[in-house]
Amino acid sequence: MPGPQPLPPESLYQRCDPRELPFQTTEELEDLERIIGQDRALDALHFGAGIRSEGFNLFVLGPNGMGKHTVVQHFLQERAAGEPVPPDLCYAHNFEQSNRPLLLELPPGRGVQLRDDLDQLIEELRTAIPATFESDEHQSRIHEIQQEFNQRQEEAFQEIQQEAEERGITLLQTPAGFTFAPVQEGEVVGPEEFQKLDEEERKRIEADIAHLQERLQWVLRQIPKWRKESQEKAQEVNREMADFAVGHLIEGFKSEYADHPDVRAHLDAIKQDVIDHVNTFRRGSAQAEESEEDGGYEALLRRYRLNVLVDNGGQQGAPVHYEDLPTHHHLVGRVEHRAEQGALFTDFRLIREGALHRANGGYLILDMRKLLMQPFAWESLKRALYANEIRIESLEQLYSFLATVTLEPEPVPLNIKVVLLGDRFLYYLLSEYDPDFRELFKVQADFEEDFERSSENNALYAQLIATLARREGLLPLDRTGVARVIEHAARLVEDAERLSLHSGNLADLLRESNFWAREAGQEVVRAEDVQTAIDKQTYRSARIRERLQRSIQQDVLMIDTAGSKMGQINGLAVLQLGDFAFGRPNRITATARLGDGQVVDIEREAELGGSIHSKGVMILSNFLAARYAPEHRLSLSASLTFEQSYGLVEGDSASVAELCALLSVLADAPLRQSLAVTGSVNQHGEVQPIGGVNEKIEGFFDVCSKRGLSGEQGVVIPRANVGHLMLRADVRQAAEAGTFAIYPISRVDEALELFTGMEAGERDPETGGFPDNTINRLVERQLERYARIHRQESADGDDPSGDGQENG
């Protein structure tokens with residue numbers, strides 16, 4: 001029967017006909033106003049941004065370079081423009097608990113206004129209070145109080161003096177204090193004269209002096225009390241004057257904030273504090289250098305200022321904020337410290353906002369990978385979302401890294417929608433291992449990597465190209481250039497019927513094409529310029545590929561491209577080095593002998609084979625047993641290996657090649673070395689699609705091309721991969737010339753016919769056997785022979801496995 005036929009050249013590449021594009025250059029196209037190919041993600045964004053229930057934050061997932069950030073930023077900014085502007089956030093001194101600053105929320109722009117008003121108030125206090133205490137009214141009232149005190153003291157002494165004179169005694173004031181002495185005829189009686197008085201007179205005088213002394217002591221004890229009362233009266237006058245001086249200032253400000261009771265309460269607290277510290281204001285700037293701990297004048301004034309944490313005065317709509325470095329402090333804010341006299345101090349003015357404060361009332365965009373790389377940042381974000389408040393916490397204080405004065409600012413109520421950007425691996429990893437993640441981020445916006453290629457979508461893609469070129473300030477593209485970009489976009493997604501939505505790669509290609517067009521002195525970017533950019537990208541990355549190809553040409557890596565050999569076949573693999581992927585052929589060999597049914601994967605035994613590759617070998621082993629030994633034991637010992645392979649072998653795309661090599665040995669049928677094959681096989685012998693089909697074909701083509709194309713060379717691929725073909729021009733030209741062919745297959749039998757030139761053969765439903773002189777019959781006959789030998793040796797007591805052990 002005829003074997004598989006090569007694909008026609010038109011099946012190897014789906015061109016984009018420039019004539020179908022309705023423009024001459026992209027200058028004629030309008031900017032693309034909508035996002036193409038992301039309907040699912042946009043629907044999720046619309047839902048996630050609109051729902052206000054707790055936990056419905058968003059995780060936007062997709063590969064890097066998809067333009068997730070740009071799309072999300074643009075979408076949220078459009079939505080936020082119609083939402084209310086959040087209030088200003090301010091911190092003020094707490095006069096009751098100085099380590100717990102007060103939070104004030106004000107309408108947008110009023111925070112700065114209040115700050116300026118308080119600054120103005122401070123300046124007015126600097127002059128108004130001293131002026132009040134220098135006024136005639138204040139001086140007069142203080143003088144009255146002082147006179148009252150002096151008069152009271154003087155009257156008390158006069159009363160004592162008068163009583164003393166009535167008793168013939170006088171009150172004397174000496175450097176040592178007050179004393180009493182008797183008087184006769186207007187003269188003070190000296191000690192000698194006093195002793196000359198009769199005893200009864202002396203006793204009377206002594207009793208009178210003792211009585212007067214008691215009264216004097218009582219007066220002297222009352223003087224400090226009277227002085228204190230006088231000072232209290234003076235202080236009360238000072239407070240009244242201060243109240244008068246400050247009251248009208250404060251009341252003027254309070255009238256402007258009549259609808260903000262918290263601001264009015266704070267202004268009342270400032271007024272009371274000024275009154276309580278009126279003496280400090282009287283002393284004025286003489287103590288301006290003292291620290292706040294000492295109650296200095298300037299430090300006292302600083303308490304009345306306002307720290308505007310977030311000013312939304314110039315904000316249009318709700319905020320949309322992206323935090324590039326999401327550390328703990330950058331998220332929740334921090335309290336800074338200043339050095340004073342060798343010690344660290346802080347106050348409410350040193351509170352700094354975080355991204356959560358700036359985005360509060362709107363949207364916060366974070367890169368998940370960056371977030372997870374910062375210590376404590378992820379936990380801090382979750383804690384804020386759970387509590388619905390922003391609590392500024394110092395990690396140094398929390399973990400006792402730093403013992404110093406700190407603050408506990410009043411928490412800020414949190415009303416925010418958090419949008420995380422990350423790849424799918426992080427999303428599924430967090431979903432599996434972090435239960436908080438699923439509670440807090442219930443909406444996933446999954447970005448598509450490609451979309452359908454059609455005439456309508458080609459036109460949209462052309463608009464996207466025009467938009468990117470215009471935004472980047474690049475030369476316009478003519479329609480041949482656009483067509484070539486569209487074709488390359490299909491190649492990037494390994495599907496001729498799809499187009500890549502990887503905007504990063506697309507923008508890079510346009511930038512490089514623009515460079516080469518300008519180098520050539522062109523005014524528009526043509527298909528030749530796009531192709532030059534693609535070729536240069538490949539050339540810059542192809543050093544390793546060229547070294548491998550040189551090693552093959554020098555027979556350092558042994559690859560045959562002509563003739564036929566038993567148990568040897570060319571498999572194909574893809575090497576991914578950074579962003580560059582290329583194909584290379586691998587020699588795969590197989591051996592077989594009588595044994596106990598084991599197919600040895602040498603790569604696995606050497607710990608160079610991955611689990612998926614090992615699975616592929618197990619599948620082909622079971623395929624052998626099911627097809628060729630359904631009624632008897634598979635008495636086979638076989639081995640498979642990738643020759644000259646010194647690294648990890650992973651994937652099952654070589655299982656068709658491995659099966660063909662093994663069947664070649666069993667059927668004693670040589671395989672064509674001018675062909676290479678890729679594809680995986682299932683237990684029913686069906687060939688399954690693989691990845692990297694274009695790179696694999698081109699890798700073998702390059703080897704054959706350097707040795708000279710004979711017309712016999714080609715690559716066998718799964719039929720399901722035909723729709724993925726977007727091959728290079730030189731490969732297509734060789735196929736058109738008949739010097740290189742691509743063969744699609746659906747079953748392993750088709751591969752056997754191509755490689756051996758023999759009919760594979762199908763089992764006869766009546767006889768149950770394969771036709772003579774077919775590959776399958778030869779394989780079955782050899783396995784039956786192995787089984788007979790095994791039974792004979794088992795009957796004779798010999799060990800057919802050759803290791804002296806009985807195999808059951």
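Relevant structure appears above.
Scope of this entry: the structure provided in the associated data block.

Conventions we followed
- Residues numbered from 1 in each chain as written.
- Predicted model: local features only at pLDDT ≥ 70, side-chain atom pairs only at ≥ 80, totals over all residues.
- Heavy atoms only, no water.
- Helix = DSSP H or I, 4+ residues; strand = E, 2+ residues; numbered from the N terminus.
- Rg over C-alpha atoms; globule rule 2.2 N^0.38 Å.
- Buried < 20%, exposed > 50% of the residue type's maximum accessible area, 1.4 Å probe, protein only.
- Contact = heavy atoms within 4.5 Å.
- Areas by Shrake-Rupley, 256 points an atom, 1.4 Å probe, with all protein chains shown as cover.
- Pairing = 2+ DSSP bridges.
- Axes fitted to C-alpha atoms, helices over the stretch in contact; angles between N-to-C directions.
- Expected span 1.5 Å × (residues − 1).
- Patch = residues over 30% accessible without salt bridge, like charges linked within 9 Å, V, L, I, M, F, W, Y side chains within 5 Å.
- Salt bridge = Lys/Arg side-chain N within 4 Å of Asp/Glu carboxyl O.
- Parallel < 35°, antiparallel > 145°, perpendicular 65-115°, else oblique.
- Left-handed = near helix turned anticlockwise from the far one by under 90°.
- Nonpolar A, V, L, I, M, F, W, Y, C, P; charged D, E, K, R; others polar.
- Core = buried A, V, L, I, M, F, W, Y, C linked by side-chain atoms within 4.5 Å.
- Phe/Tyr/Trp six-rings, centres within 6.5 Å; stacked < 30°, edge-to-face > 60°.
- Lys NZ or Arg CZ within 6 Å of the ring centre and 35° of its normal.

If you tally the helices and strands in the protein chain, you get 28 helices and 30 strands. Its C-alpha radius of gyration of 48 Å places the protein chain more than 25% over the 28 Å reference for a compact globule of 808 residues. For the protein chain, the spread of C-alpha atoms along the principal axes amounts to about 170 × 80 × 50 Å. Of all 808 residues assigned to the protein chain, the portion counted as buried reaches 49%. Sequence-distant contacts in the protein chain: of pairs separated by 6 or more residues, those separated by 24 or more amount to 76%. Of the roughly 39500 Å² of accessible surface on the protein chain, 46% is carried by carbon and sulfur atoms.

Bringing the sheet that holds strand E21 (residues 568-577) into the picture now. The pairing of strands in a sheet happens through backbone hydrogen bonds and is either parallel or antiparallel. One open sheet accounts for seven strands, arranged E23-E24-E22-E21-E26-E29-E30; its pairing is mixed. Each edge of the open sheet carries a strand with a single partner, namely strand E23 (598-601) and strand E30 (741-745). Averaged over all adjacent pairs, the angle separating strand axes in this sheet is 30°, with direction ignored. Pairing of strand E26 (residues 675-677) with strand E29 (residues 714-718) involves three bridges; the strand directions are parallel.

Glancing now at helix H13 (residues 377-387). Three or more residues of H13 are buried, namely Ala 377, Trp 378, Ser 380, Leu 381, Lys 382, Ala 384 and Leu 385. Of the residues flanking the end of H13, it is Asn 388, one or two places downstream, whose phi is positive at about 55°.

Quick look at helix H25 (residues 693-707) now. Counted at 1.5 Å a residue, the expected span for H25 with its 15 residues is 21 Å, and the 22 Å between its end C-alpha atoms agrees. Every buried residue belonging to H25 is among Val 693, Asn 694, Glu 695, Lys 696, Ile 697, Glu 698, Gly 699, Phe 700, Phe 701, Asp 702, Val 703 and Cys 704, and all of these are buried. Downstream of H25 by a residue or two, Gly 708 has a phi angle that is positive, lying close to 105°.

For the rest of this paragraph, the subject is a nonpolar patch on the surface. The grouping of Phe 425, Leu 429 and Tyr 433 at the surface amounts to a nonpolar patch, some 380 Å² of accessible area in total. Inspection of the secondary structure assignment puts Phe 425 in helix H15 (residues 424-433).

Here we take up the side chain of Arg 491. Tracing the chain through its elements places Arg 491 in helix H18 (residues 479-492). Owing to a relative accessible area of 17%, Arg 491 belongs among the buried residues under this scheme. The residues contacting Arg 491, other than those within four sequence positions of it, are Asn 694, Glu 695, Glu 698, Met 726, Leu 727 and Arg 728.

Turning our eyes to something else, we now look at the environment of Glu 497. Within the secondary structure, Glu 497 is located in the loop between H18 and strand E19 (498-500). In sequence terms Glu 497 and Leu 725 are 228 residues apart; their C-alpha atoms lie 9.6 Å from each other. Glu 497 has contacts with Gln 14, Phe 451, Glu 452, Arg 453 and Gly 723, leaving out every residue within four places of it along the chain.

Attention now goes to the sheet that holds strand E1 (residues 58-61). With parallel pairing, the five strands of this open sheet are ordered in space as E8-E13-E16-E1-E17. Every other strand in the sheet has two partners, leaving strand E8 (320-323) and strand E17 (443-446) as the edge strands with one partner each. The average angle at which neighbouring strand axes cross in this sheet is 20°, direction not considered. Note: E1 against E17, four bridges, orientation parallel. Bridge pairing in E17 places Leu 61 opposite Asp 446. Helix H1 (residues 39-50) rests against E1, strand E13 (363-367), strand E16 (417-422) and E17 of the sheet, and its axis sits at about 155° to E17. Together, E1, E8, E13 and E16 form the strand contacts of helix H2 (residues 68-80), whose direction differs from that of E13 by roughly 175°.

Moving on: the packing of H25 against helix H26 (residues 729-737). At a minimum axis separation of 10 Å, H25 and H26 run at an interaxial angle of 70°. It follows that H25 is roughly perpendicular to H26 by the angle criterion. Crossing handedness for the pair H25 and H26: left-handed. Here Ile 697, Glu 698 and Phe 701 of H25 lie close against H26, whose contacting residues are Asp 730, Val 731 and Ala 734. A breakdown of the residues in the contact of H25 with H26 according to their chemical character gives four nonpolar, no polar and two charged.

Peptide bonds are trans in most cases, and residues, glycine excluded, mostly fall at negative phi. Residue Glu 494 is not a glycine yet carries a positive backbone phi of 55°. If you trace the backbone, Glu 494 turns up in the loop between H18 and E19. Look at Asp 555: it is not a glycine, yet its phi comes out positive at around 60°. Topologically, Asp 555 is positioned in the loop between helix H21 (543-553) and strand E20 (564-565).

This part covers the pattern of salt bridges. In the structure shown here, the tally under the stated rule is 50 salt bridges. For Asp 446, the salt bridge identified is with Arg 424, shortest N-O distance 2.9 Å. Linking Asp 446 in strand E17 with Arg 424 in helix H15, this pair joins segments that are 22 residues apart in sequence. Of the charged contacts in the structure, one is a salt bridge between Glu 472 and Arg 511, with a shortest N-O distance of 3.0 Å. Of this pair, Glu 472 sits in helix H17 (residues 455-472) while Arg 511 sits in helix H19 (residues 503-519), placing them 39 residues apart in sequence. In this structure, a network of salt bridges that share partners links the residues Arg 491, Glu 695, Glu 698, Asp 702, Arg 728 and Asp 730.

This part takes up the pairing of strand E22 (residues 580-594). Across the 15 residues of E22, 11 count as buried, placing the element largely inside the fold. Relative to E22, E21 runs antiparallel, the two being bridged by 10 bridges. Looking at the pairing, Leu 572 lines up with Pro 585 of E22. Hairpin connection between E21 and E22: a loop of two residues separates the two successive antiparallel strands, and Gly 578 in this loop has a positive phi of roughly 65°. Summarising the sheet, E22 and strand E24 (residues 636-642) pair through seven bridges and their orientation is antiparallel. Looking across to E24, one finds that Thr 591 is bridged to Ser 639.

Structurally, Gly 651 is set in the loop between E24 and helix H24 (655-667). Classification of Gly 651 as buried rests on a relative accessible area of 18%. Taking C-alpha positions, Gly 651 is 127 Å from Ile 205, a pair spaced 446 residues apart along the chain. Filtering out sequence-adjacent residues up to four positions away, Gly 651 remains in contact with Ile 612 and His 613.

What follows deals with the nonpolar core. Taken as a class, soluble globular proteins show a tendency for nonpolar side chains to be buried jointly. Ile 569, Leu 624 and Leu 666 are the most contacted members of the largest nonpolar core, which totals 47 residues. Those elements that provide at least two residues to this core are E22, helix H23 (611-628), E24, H24, E26, E30, helix H27 (748-756) and helix H28 (775-796). If one sorts the elements of this core by residue count, H24 sits on top with nine residues. Residue contacts for Leu 666: discarding those within four places in its chain leaves Ala 592, Leu 624, Leu 636, Leu 778, Val 779, Gln 782, Leu 783 and Tyr 786.

This part takes up the packing of aromatic side chains. In this description, a pair of aromatic rings is defined by centroid distance and the angle of the planes. Following the criterion strictly, the structure yields 15 aromatic pairs and no others. Seen in terms of ring centroids, Phe 515 and Trp 516 are 4.9 Å apart; in terms of plane orientation they differ by 80°. Their pairing is edge-to-face. By relative accessible area, which is 23% here, Trp 516 ends up partly exposed. Here Tyr 628 and Phe 770 contribute two aromatic rings whose centre-to-centre distance is 6.1 Å and whose plane-to-plane angle is 45°, an arrangement assigned as tilted. Residue Tyr 628 is located in helix H23, and its partner Phe 770 is located in the loop between H27 and H28; the two are separated by 142 residues in the primary sequence. With a relative accessible area of 9%, Phe 770 lands in the buried category. Taken together, the aromatic side chains of Phe 59, Trp 378, Tyr 427, Tyr 428, Phe 437 and Phe 441 make up a single cluster linked through ring pairs. The lysine or arginine in question, Arg 732, covers the ring of Tyr 13, its NZ or CZ lying 3.7 Å from the ring centre.

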